[in-house]
Every structure is written in C-alpha cells, then in structure tokens.
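# Remarks on the overall topology
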Amino acid sequence: QVKLQESGGGLVLPGGSLTLSCQFSGPNFDHYAMSWLRQAPGKEREFIAGISWSSITTHLVDSVKGRFTISRDNAKNVMVLEMSNLKPEDTAVYYCAAKYGVGGAGDWNYDYWGQGTQVTVSS
C-alpha cells in the first residue's frame, strides 16, 4: 500500500553538500510522522532527524544539528534532507521511514521503510 524510495546519495568531498529526497507513494502522507536514519558498516542504525505531519516540529540529533535540515512538501509527498559541511563520519546508508498517526518528530517504531541510499564522504 505504501512505498518509500530514497534518492540523491553519492560521493561527495568533505565540506561538500548533498540533498536526499524520500518519495512517498500511497495515501495520507500528511498523516505520517517522517524520519531519516542512517547506518554505517558494522554500526548500529541511528536516528538523525524527524519531522511532524505539517512541519510544525522538527528534531535533529546533536551530531548533525546546524549542518542538516529536514523538510517536507505534502503536496508532492516528498521529504527532504539537506546536508552541508559533510564529514567522513557522515558516510552511511541513509533511510527514510514513516509512522502513521503520531504527532511530533521523535524516533518511533516505524510502519514503513525505504531501501536506503548510500552517502560516501571522502577525498
């Protein structure tokens, strides 16, 4: 019923920028809280950013705060992660995820996941 698809990953130099998109296919996108998470090889998956139904509330973890911005466009069923001043430590597979019927911008037990997109920060 619902499908999430990330795009925009790739190779970038340290200090560079990338923008990731998450396309949501299905009904009632504006009833889902949305999040970005990432997982580096051999590491646990970590929550990095969340956004509420109508963008009233956002939350970013300290490691990306001030460098990343999360947003959504409910008319296009898209969530976006704008990343700047990228560091090698940001290298990971980035996933988007959706949670139905929850307000706020926290880390939830998600209903749907995308397949992920690789971000590599290297010189």
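Fair warning: this is a prediction, and the values are worked out from it, not measured in the lab.

### Structural notes on the pattern of salt bridges
Applying the stated rule across the entire model yields 4 salt bridges. For Glu-46, the salt bridge goes to Arg-38, with nearest N and O atoms at 2.8 Å. The class for Glu-46 is partly exposed, based on a relative accessible area of 33%. Residue classification places Arg-38 among the buried positions, given a relative accessible area of 6%. Residues Asp-90 and Arg-38 are paired through a salt bridge, measuring 3.0 Å at the closest nitrogen-oxygen approach.

### Thoughts on the pairing of strand S3 (residues 18–25)
Burial along S3 is one-sided: the residues Leu-18, Leu-20, Cys-22 and Phe-24 are buried and none of Thr-19, Ser-21, Gln-23 and Ser-25 is. In this structure, strand S1 (residues 3–7) lies alongside S3, joined through 5 bridges in antiparallel fashion. Within S3, the residue paired with Ser-7 across the bridge is Ser-21. With 6 bridges joining them, S3 and strand S8 (residues 78–83) adopt antiparallel strand pairing. Bridge pairing links Ser-21 to Val-80 in S8.

About the cut-offs
- Residues numbered from 1 in each chain as written.
- Predicted model: local features only at pLDDT ≥ 70, side-chain atom pairs only at ≥ 80, totals over all residues.
- Heavy atoms only, no water.
- Salt bridge = Lys/Arg side-chain N within 4 Å of Asp/Glu carboxyl O.
- Buried < 20%, exposed > 50% of the residue type's maximum accessible area, 1.4 Å probe, protein only.
- Helix = DSSP H or I, 4+ residues; strand = E, 2+ residues; numbered from the N terminus.
- Pairing = 2+ DSSP bridges.

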